[in-house]
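These are the residues of each chain, in order.
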Amino acid sequence: MHKLTISFAIAAFAISLSAQDMDKILNDHYMASGQDKLAKISTISSTGKVVAMGMESPITMYQSRPGKLRTEMSIMGQKMIQTFNGTTGWIYAPAMGVTTPQEMGGDELKNLSMQTEINSPLWDYQSRGTKAELAGSSKDGSSHKVKITTAEGLEMTVFISKETSLISSILTSQVVNGMESEIEIKFKDYRQVKGIPAAHYMAVEMGGQPVSTFTFESIEYDKKLDAALFEKPVVQ
């Protein structure tokens, strides 16, 4: 009986310490990332370049609350457009055989919707029905590891740098071309934009293998964006 009581007390104490540790980690993250300022931002407009399969292409991304996204790229001299209005997504990609705008669905739409959040995925997580738990450190010990599960059942692991308290990478499991794959996005080259640190470089890996890199030359906040940008693409 006493052994059980002592074991329970130790377990409860450990849980309490873990909760305190995570609260501090998250508070430091919110402060370092300027989340209080970011929460007031309505739109983000980013321009730069993406490198994939040895090819470099210009890219423009628009994000708008709530949960809207538009991505424009040029592939082999032909424009590719993806849009999401918070509910419905479309794709237009002649270089991939999609010669007219097509509505997206299933795993493609799910993957696209995961890219729309402006805030940190850890911001105000409890009010959104998201669960979060501290799960130790990254393999190299440089980042805190926080596992989260959204109210919709989506799971991801967020790594927070112990040095900067900024997000160093996000790990998710996504279905790509009918196969479930581990996708990791690494964030680097944080620069201040209106007092908010913004990653100007992202590297995407699938199953541990490099897939693409994104380098952003310009990131603007609160640029006025036409709502039509996020609807079905209009192509000439």
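Residues numbered from 1 in each chain as written. Predicted model: local features only at pLDDT ≥ 70, side-chain atom pairs only at ≥ 80, totals over all residues. Heavy atoms only, no water.

Undergrad: Would you take a moment to explain the overall build of the protein chain for this structure?
TA: If you tally the helices and strands in the protein chain, you get three helices and 13 strands. Here the analysis covers contacts within the protein chain between residues at least 6 apart in sequence; of these, 40% occur between residues at least 24 apart. Counting every atom, the protein chain has about 13,800 Å² of accessible surface; 54% of that belongs to carbon and sulfur. (Helix = DSSP H or I, 4+ residues; strand = E, 2+ residues; numbered from the N terminus. Contact = heavy atoms within 4.5 Å. Areas by Shrake-Rupley, 256 points an atom, 1.4 Å probe, with all protein chains shown as cover.)

Undergrad: Help me understand the environment of Ser212, please; the structure alone is not making it clear to me.
TA: Following the sequence through the fold, Ser212 ends up in strand 13 (residues 209-221). Along the sequence, Ser212 and Gly54 sit 158 residues apart, while their C-alpha atoms lie 9.0 Å from each other. Apart from residues lying up to four places away in sequence, Ser212 is in contact with Val50, Val51, Ala52, Met202, Ala203 and Val204.

Undergrad: What's the story with the environment of Leu134 in this structure? I'm lost.
TA: Turning to its location among the elements, Leu134 is positioned in strand 7 (residues 131-137). Note on Leu134: relative accessible area 24%, which makes it partly exposed. Sequence separation between Leu134 and Ile148 is 14 residues; the distance between their C-alpha atoms is 9.0 Å. (Buried < 20%, exposed > 50% of the residue type's maximum accessible area, 1.4 Å probe, protein only.)

Undergrad: Sorry if this is basic, but what is going on with the packing of aromatic side chains here?
TA: Between two aromatic rings, the relevant description is the distance of the centres plus the angle of the planes. The tally for this structure, following the rule as stated, stands at two aromatic pairs. Between Tyr30 and Trp123, the ring centres sit 5.0 Å apart and the planes meet at 85°, which makes this aromatic pair edge-to-face. Taken together, the positions of Tyr30 in helix 1 (residues 2-32) and Trp123 in the loop between helix 3 (106-113) and strand 7 put the pair 93 residues apart, joining distant regions of the chain. Accessibility expressed as a relative area gives 16% for Tyr30, which makes it buried. On the basis of an interplanar angle of 20° and a centroid distance of 6.4 Å, the ring pair of Phe214 and Phe216 is categorised as stacked. Residue Phe216 is classed as buried on the basis of its relative accessible area of 5%. (Phe/Tyr/Trp six-rings, centres within 6.5 Å; stacked < 30°, edge-to-face > 60°.)

Undergrad: Honestly, the pairing of strand 6 (residues 98-103) in this entry has me stumped. Any pointers?
TA: Within a regular strand, the side chains alternate between the two sheet faces. Of the pairings in the sheet, the one linking strand 5 (residues 89-93) to strand 6 comprises three bridges and is antiparallel in character. Its bridge partner being in strand 6, Ile91 is matched across the sheet by Gln102. (Pairing = 2+ DSSP bridges.)

Undergrad: Before we go on, may I ask you to explain unusual backbone geometry in this structure?
TA: Comment: phi is negative for the bulk of residues other than glycine, and the bulk of peptide bonds are trans. With an omega dihedral of -5°, the bond running from Arg65 to Pro66 counts as a cis peptide bond. Turning to its location among the elements, Pro66 is positioned in the loop between strand 2 (55-64) and strand 3 (68-75). Residue Asp124 is not a glycine yet carries a positive backbone phi of 50°. With respect to the helices and strands, the residue Asp124 is situated in the loop between helix 3 and strand 7. Look at Asp222: it is not a glycine, yet its phi comes out positive at around 60°. Tracing the chain through its elements places Asp222 in the segment after strand 13.

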